[in-house]
Structures are given as structure tokens and as C-alpha cells.
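Structure assessment
What follows is the residue order along each chain.
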Amino acid sequence: MSSRVLALVALLALPFPVAAQQVPPGSPATTPAPGSTATPSTPASLSGVTATLTAPRNVTGSVPLTLTLKSSLAEPITFGVGRDNDQNCAFAPTVRVLRVGTREVVYPAPGAEPRICTQELLTKTAPAGGSAVFTRDLNLPAGDYIIEGWFGGFAHDERVKVPAQPVRVTVR
């Protein structure tokens, strides 16, 4: 049997139709409408959701992070997020920390083995025109950092990534 036939047999054995799972390039599902704030990773139905990351400018000890998801939608929206193996099993926000003045990534530690986390799902609902807040603490050595943060999870049962503006933090 040729490899093409084996591949076709493998596809036919799948319990769901493959064609239904694929979205053709350039379709409305992948291309934001002109003037829309939606990105390819944020469905157009969630273009009214923004994220804001906050942290104290100067801190001693761990850095408390707050990610606020603000919705301008007319209906409530439920956000769901699982623990992240690469983020020390934290729920949200997902972060990347860079040392100021360099491109050195401090967190998550480059080359570190991911942890094995429990498979919990944290859900929070933002009311119509309201917000949902996710918090976590981050332990960093003394220094100046730029913290990039985003929400990577589910909203309206769709996979989304909602980025926030980076914040600068000095750890003493």
C-alpha cells in the first residue's frame, strides 16, 4: 500500500469530518472586517473585549499581577482558562518577562522543563459591559523588567488570545 493510501485510510478512520474542521484561507472566519479591532486569534464576535495588565512600578518580593478583561458586549461573557504547564501551573494571565535593555527572557525560564499541572478550568463571567479579573504573583530576582501579558483561554466557547499592553516593573 502506498503512503497516500495509508494517509487516506487514516483520515477516513477519524470520528469526525476533517473538511468541517478546516476554514478556507480568506474566509470571514479568519479575516477581520475592515475597521474591526479583531485579530486572527480573536474572533470577530469578541472584538469588544480588551485586556489591561497592571502591576506596581516598584516592588519588594513577589510581583502581584492583575489582568482585567473589559467587555463592551451587550451580553455576559464567560472566560475559561486552564493551568499552564509553562507558567508554573498558574491560570492567568500568561506572561513573558524580559530584562530591560536586552532581549533576555527571564520568565518563563528558557530551557526549563514544563511542570505537570492539574487539569482544572477556572471560569469567570463578565456581565454585559463589565469586566472579569484574573490575578497571580510572580517571583523575580532583583532587577528592571518588562512584563508582557495576555489572556489565553476560552471565551464564548472559542479559543482566544487577548493581549494587554506591557508593564515595567523594578524588583528590589
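Residues numbered from 1 in each chain as written. Predicted model: local features only at pLDDT ≥ 70, side-chain atom pairs only at ≥ 80, totals over all residues. Heavy atoms only, no water.

Turning our eyes to something else, we now look at the state of the cysteines. Enumeration over the complete set of coordinates arrives at 1 disulfide. The disulfide bridge from C89 ends at C117, spanning 2.0 Å between sulfur atoms. Here the S-S torsion is close to -85°, and the disulfide linking C89 with C117 is therefore left-handed. Of this pair, C89 sits in the loop between β4 (77-82) and β5 (94-99) while C117 sits in the loop between β6 (105-107) and β7 (121-126), and the two are 28 residues apart along the sequence. Assigned by exposure class, C89 and C117 land together as buried. (Disulfide = S-S within 2.5 Å. Helix = DSSP H or I, 4+ residues; strand = E, 2+ residues; numbered from the N terminus. Buried < 20%, exposed > 50% of the residue type's maximum accessible area, 1.4 Å probe, protein only.)

Here we take up the nonpolar core. By size, the foremost hydrophobic cluster in this structure holds 34 residues, and its most contacted members are V63, F79, L138, L140, I147 and F151. Once you skip the residues sitting within four places of it in the chain, L138 turns out to touch S62, V63, L65, V95, V97, Y107 and I147. (Core = buried A, V, L, I, M, F, W, Y, C linked by side-chain atoms within 4.5 Å. Contact = heavy atoms within 4.5 Å.)

This part is about the confidence of the model for the chain. Segments scoring low in pLDDT should not have their predicted coordinates read at a detailed level. With 74% of its residues at a pLDDT of at least 70, the chain reaches an overall mean of 80. A low-confidence stretch, residues 1-40 (pLDDT under 50), is modelled with 15 contacts involving residues beyond four sequence positions or located in other chains. (pLDDT = per-residue confidence, 0-100.)

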